[in-house]
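Here's the letter readout for the chains.
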Amino acid sequence: MDYQADILISNDDGIHAPGLQALKKALSGLGSVLVVAPDVEKSAFGHGITLMTPLRTAEVFKDGEFFGLSVTGTPADCVKLALHTLMPKLPKLVVSGINLGPNAGTNVLYSGTVAAAREGTIFGVPSLAASLRSFQKEADFYLAAEYTRRFAEWMLSHPLPPGVLLNLNVPALPADKILGVKVTRVARYRYRDRYEIRLERGRTYYWLTGEDAEVIDPAPDLDSVAVDAGFVSVTPLGYDLTQEALRPSLETAFKTWK
Ligand code: MN
């Protein structure tokens, strides 16, 4: 089987997720598409990769047709393995999603959806992460898939600087209720999570639970605020974490240290 394709797609909801099927269908008009995705859901795995266990792949068929490759790893593993090894040549684009649930604010740090796209940018491939702001299991991905296709098509002819991906969040609204596209920045969240402490067979365990995070200093141009208000939010995300503005004063502070 030749795994070459114009577009590599992945996700963190797993290879059987409806959002991935909608994405594959929507992007098929832009070129050949290869799906390489986790065999089971790996939401909130961030940019983790698998070091201590082997990765196995399996060909997945749907309705008698080859759908893609499942990987016993994380979203970042899928993209890394595909770009390093499975694909003879780099694709023109990596697209991750469409996630069920938004990936905005501080949550982008935990997001496997965003990490899969970020892995693409590490290889120098233009990359896009896409999420639908819905929590309904039966969510309709049609409109989010349409927007994802439009942004993907735009990216094929408009290269971004190296190391920058686009993070797309689409409201779960009918097309005529969408207010437009807003280019946003990442909100900072204050989490109101807590761990429920439970007891089973004499042993304590902890289960993460809690309410929605609170946006610190809300503003209309923040990703989660924009998508909650009904805008399609698109954020350019980089992975250079250096705080350049702080380097001179720290340089001074540590100058005499040896
Ligand atoms: Mn997910």
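Look up: the structure comes first, before these words.
Now for a look at the structure at hand.

Basis of the calculations
- Residues numbered from 1 in each chain as written.
- Predicted model: local features only at pLDDT ≥ 70, side-chain atom pairs only at ≥ 80, totals over all residues.
- Heavy atoms only, no water.
- Helix = DSSP H or I, 4+ residues; strand = E, 2+ residues; numbered from the N terminus.
- Rg over C-alpha atoms; globule rule 2.2 N^0.38 Å.
- Buried < 20%, exposed > 50% of the residue type's maximum accessible area, 1.4 Å probe, protein only.
- Contact = heavy atoms within 4.5 Å.
- Areas by Shrake-Rupley, 256 points an atom, 1.4 Å probe, with all protein chains shown as cover.
- Lys, Arg positive; Asp, Glu negative; His and termini not counted.
- Charge placed at Lys NZ, Arg CZ, Asp CG, Glu CD.
- Patch = residues over 30% accessible without salt bridge, like charges linked within 9 Å, V, L, I, M, F, W, Y side chains within 5 Å.
- Salt bridge = Lys/Arg side-chain N within 4 Å of Asp/Glu carboxyl O.
- 1 Å grid on protein atoms, 1.4 Å probe; cavity = no way out; pocket = protein on both sides within 12 Å on 5 of 7 lines; lining within 4 Å.
- Points joined across faces, edges and corners; volume = space filled by probe spheres on them.
- Nonpolar A, V, L, I, M, F, W, Y, C, P; charged D, E, K, R; others polar.
- Pairing = 2+ DSSP bridges.
- Axes fitted to C-alpha atoms, helices over the stretch in contact; angles between N-to-C directions.
- Parallel < 35°, antiparallel > 145°, perpendicular 65-115°, else oblique.
- Left-handed = near helix turned anticlockwise from the far one by under 90°.

Within the protein chain, the regular secondary structure consists of six helices and 13 strands. Its C-alpha atoms give the protein chain a radius of gyration of 19 Å, near enough to 18 Å, the size a compact globule of 258 residues would have. Dimensions along the principal axes, computed over C-alpha positions, put the protein chain at roughly 60 × 55 × 50 Å. Each of the 258 residues in the protein chain was classed as buried or not, and the buried ones make up 45%. Summarising the internal contacts of the protein chain: among those between residues at least 6 apart in sequence, 75% fall at separations of at least 24. Total accessible area computed for the protein chain in this model is approximately 14,400 Å², and 55% of it derives from carbon and sulfur atoms. Separation of charge centres in the protein chain, based on 26 positive and 29 negative side chains, amounts to 4 Å.

Okay, a nonpolar patch on the surface next. Among the surface-exposed residues, Tyr195, Ile197, Tyr206 and Leu208 lie close enough to one another that they form a single nonpolar patch of about 500 Å² accessible area. Examined against the element boundaries, tyrosine 206 turns out to sit in strand β11 (residues 203–210). By relative accessible area, which is 56% here, tyrosine 206 ends up exposed.

Roughly 1,200 Å³ of internal volume is contained in the largest pocket. Contributing to the lining of the largest pocket are 40 residues, with Leu100, Gly101, Pro102, Asn107 and Phe135 lying nearest its centre. Only α1 (18–27), β5 (93–100), β11 and α5 (223–229) provide two or more residues apiece to the lining of the largest pocket. Residues belonging to the lining of the largest pocket are distributed by class as follows: 16 nonpolar, 14 polar and ten charged. The calculated volume of the second largest pocket comes to roughly 280 Å³. Here the residues of the lining of the second largest pocket sort into seven nonpolar, two polar and two charged.

Right, let's talk about the sheet that holds strand β2 (residues 33–38) for a bit. Pairing is mixed across the open sheet formed by nine strands, whose spatial order is β3-β4-β2-β1-β5-β6-β7-β13-β8. Two strands in the sheet have a free side with no partner beyond their single neighbour: β3 (57–62) and β8 (180–183). Taken pair by pair, the neighbouring strands of this sheet meet at an average axis angle of 25°, ignoring direction. Pairing of strand β1 (residues 7–10) with β2, which is carried by three bridges, proceeds in the parallel orientation. Across the sheet, leucine 8 pairs through a bridge with leucine 34, a residue of β2. Where helix α3 (residues 112–122) meets the sheet, its contacts fall on β1, β5, β6 (127–133), β7 (164–171) and β13 (231–238), and the angle it forms with β6 comes to roughly 170°.

For glycine 238, the position within the fold is in strand β13. Judged by relative accessible area, which is 51%, glycine 238 ranks as exposed. Separated by 73 residues in the primary sequence, glycine 238 and leucine 165 have C-alpha atoms spaced 6.5 Å apart. Excluding anything up to four places from it in sequence, glycine 238 contacts Gly163 and Val164.

Let's shift gears to the packing of α1 against helix α4 (residues 142–157). Closest axis-to-axis distance for the α1/α4 pair is 9 Å, and the angle between their directions is 45°. One way to sum up the angle between α1 and α4 is to call them oblique. For the crossing formed where α1 meets α4, the hand is right-handed. Across the interface between the two elements, Ala22, Leu23, Ala26 and Leu27 of α1 pack against Ala145, Thr148, Arg149 and Ala152 of α4.

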